[in-house]
Amino acid sequence: MYTAPSQPQQPPQSQYPTNIAPMAYPPQPVPQGFAPQGYPPQGYPGQSPQIYQPGPAGVPGYQAVPMLYPVMAVPASGLELMKLLTGIYLKQKLDAIEAFVAYEKANKYKFFPIDQNGNKAGNAIFKAKEKSEPCDRYCFGAGRAFEMTIKLVAGDQEILDFLHLQRPTVCCRCDKGEMTVTLLEGGSQVLGFITGPCTCCQLLIRVFDSHRNLRYSLKGDACQCSIVCAGCPCEQCRVTHFTLNDAAGNVISTMQRRTKFFRAMISDADDFSLIFPSGITVEDKCLLIASLIMMDLSLIHI
């Protein structure tokens, strides 16, 4: 016969403690090329803050762990990305061999979005490498023939070929020739031409559309301290100022060439910051980006 226990049975005790607060995890940074789900990609204007997982309230020292999702840091279209940009920051890579051995190598560049102050912001969105012959670089200098493909990138991954730049050899030290700008995305379309005409006491780059109508001019005084005292590391000699003018000659924006303290003493590697005028087309933005390359290779590396 079954006999009921005199006291109710207690449930077995857990072998693990239950009064320990949740473990605090350090915040996890978003890796380059990734962004939180549901938000614009990182690295260009309009970036939103991270999304964090909800955690128990009132627990001292607890910090929520961010949720990471593999979203590319740039759109899959260079033209769509150009619509979002308010300006561009061009950064030339410093080559140690070129700096210490005085041997001119093919230039490499990265392109970044800019903030409202014209400073670099976010990750690189384009990159490019000059293709030229060593003999041309040595014999013709700034007049050498070159071509360059500007590629859309996400981190270290190349997404697509975006623009192609090409200029033949220029024998005259005064005239910097003509560079052709071709859009590669979606086919092959000539967007326009960039020229560096012969001028006196002025740095000048002209931008033409595909019908050879003048669109813009980049102008700078050739007597600025950064040009006359090239290589001087003082602050005044590390910034060159330019104006962006429309076809009628009206100033519509500004551009700066910048050199850091150490780089100014050992190299001619420069950075350029250009603010786009409001309301311009995507094609005009592409031409202005190309004009910075023409400025660096033709007028700065004389």
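All values reported here derive from a predicted model rather than from experimental measurement. (Residues numbered from 1 in each chain as written. Predicted model: local features only at pLDDT ≥ 70, side-chain atom pairs only at ≥ 80, totals over all residues. Heavy atoms only, no water.)

(A) Representation of the sheet that holds strand 7 (residues 189-195) in the model. Read around the closed barrel, 12 strands run 1-2-3-4-5-6-7-8-9-10-11-12, paired in antiparallel fashion. Averaged over all pairs of adjacent strands, the angle between strand axes in this sheet comes to 20°, irrespective of strand direction. Examined bridge by bridge, strand 1 (residues 87-92) and strand 12 (residues 271-275) share 5 bridges and lie antiparallel to one another. In the strand pairing of strand 12, Lys91 is matched with Asp271. (Pairing = 2+ DSSP bridges. Helix = DSSP H or I, 4+ residues; strand = E, 2+ residues; numbered from the N terminus. Axes fitted to C-alpha atoms, helices over the stretch in contact; angles between N-to-C directions.)

(B) Region of interest: the nonpolar core. Formed by 47 residues in total, the largest nonpolar core has its most connected members in Ile88, Phe111 and Phe126. Among the elements that make up this core, the one with the highest residue count is helix 6 (residues 282-300) (12 residues). Once residues lying within four places of it in the same chain are set aside, the contact partners of Phe126 are Gly78, Leu81, Met82, Lys110, Phe111, Ile150, Lys151, Leu152, Val153 and Phe162. (Core = buried A, V, L, I, M, F, W, Y, C linked by side-chain atoms within 4.5 Å. Buried < 20%, exposed > 50% of the residue type's maximum accessible area, 1.4 Å probe, protein only. Contact = heavy atoms within 4.5 Å.)

(C) Expanded view of the side chain of Asn245. Mapped onto the secondary structure, Asn245 falls in strand 10 (residues 239-246). Residue class for Asn245 comes out buried when judged on its relative accessible area of 5%. A distance of 3.0 Å separates a polar atom in the side chain of Asn245 from a polar atom in the side chain of Thr243. (Polar contact = N/O pair within 3.5 Å; in protein donor to acceptor, adjacent residues only side chain to side chain.)

(D) Molecular detail of the environment of Pro113. Assignment of secondary structure puts Pro113 in the loop between strand 2 (108-112) and strand 3 (126-131). In sequence terms Pro113 and Met82 are 31 residues apart; their C-alpha atoms lie 9.8 Å from each other.

(E) Molecular detail of the layout of surface pockets. Taken as a whole, the second largest pocket holds about 230 Å³ of empty space. Surrounding the second largest pocket, Lys93, Lys108, Tyr109, Lys110, Lys127, Ala128, Lys129, Lys131, Thr149, Lys151 and Glu158 form its lining. When residues of the lining of the second largest pocket are assigned to their parent elements, the largest contribution, 4 residues, is made by strand 3. Within the lining of the second largest pocket, the residues separate by chemical class into 2 nonpolar, 1 polar and 8 charged. (1 Å grid on protein atoms, 1.4 Å probe; cavity = no way out; pocket = protein on both sides within 12 Å on 5 of 7 lines; lining within 4 Å. Points joined across faces, edges and corners; volume = space filled by probe spheres on them. Nonpolar A, V, L, I, M, F, W, Y, C, P; charged D, E, K, R; others polar.)

(F) Highlighting the pattern of salt bridges. Applying the stated rule across the entire model yields 8 salt bridges. Here Glu130 and Arg144 are joined by a salt bridge, their closest N and O atoms 2.6 Å apart. You can see Glu130 sitting in strand 3 and its partner Arg144 sitting in the loop between helix 3 (134-140) and strand 4 (146-154), a full 14 residues away along the chain. Here Glu130 and Arg144 have matching classes, each one buried. With a shortest N-O distance of 2.7 Å, Glu178 and Arg212 are connected by a salt bridge. Here Glu178 is found in strand 6 (residues 178-183), whereas its partner Arg212 is found in the loop between strand 8 (202-209) and strand 9 (214-221), with 34 residues between them in sequence. With relative accessibility at 46%, the residue Arg212 sits in the partly exposed group. Several salt bridges share partner residues, and in doing so they unite Lys127, Lys151, Glu158 and Asp161 into one network. (Salt bridge = Lys/Arg side-chain N within 4 Å of Asp/Glu carboxyl O.)

(G) Layout of the side chain of Glu185. Tracing the sequence through the fold places Glu185 in the loop between strand 6 and strand 7. Despite its burial, Glu185 pairs with no opposite charge; the closest candidate is Lys83, at 9.2 Å N-O. Looking at Glu185, its side chain comes within polar contact range of the main-chain nitrogen of Leu79, at 3.4 Å. Setting aside residues up to four positions removed in sequence, Glu185 forms contacts with Ser77, Gly78, Leu79, Leu160, Asp161 and Phe162. (Lys, Arg positive; Asp, Glu negative; His and termini not counted.)

(H) Region of interest: the pairing of strand 4. With 7 of 9 residues buried, strand 4 lies mostly within the body of the structure. Sheet topology note: the strand 4/strand 5 (residues 157-167) ladder contains 9 bridges and is antiparallel. Residue Ala154 lies in a different strand from strand 5, and its bridge partner there is Gln157. Counting the residues in the hairpin turn of strand 4 and strand 5 gives 2 residues, including Gly155, whose phi is positive at 70°.

(I) Structural view of the confidence of the model for the protein. Per-residue confidence for the protein gives a mean pLDDT of 76, with 64% of residues at or over 70. Here residues 20-73 is modelled with pLDDT under 50, and outside its nearest four sequence neighbours on either side it reaches 76 contacts, counting other chains as well. Taken together, the stretch residues 261-268 has pLDDT below 50 and engages in 24 contacts with residues farther than four places along the chain or on a different chain. (pLDDT = per-residue confidence, 0-100.)

(J) Main features of unusual backbone geometry. With a phi angle near 60°, Cys201 is a residue other than glycine that sits in the positive phi range. The residue Cys201 is located in the loop between strand 7 and strand 8 in this model. Looking at Cys201, the relative accessible area reads 51%, which means it is exposed. We note that Arg212 has phi near 65°; this positive angle belongs to a residue other than glycine.

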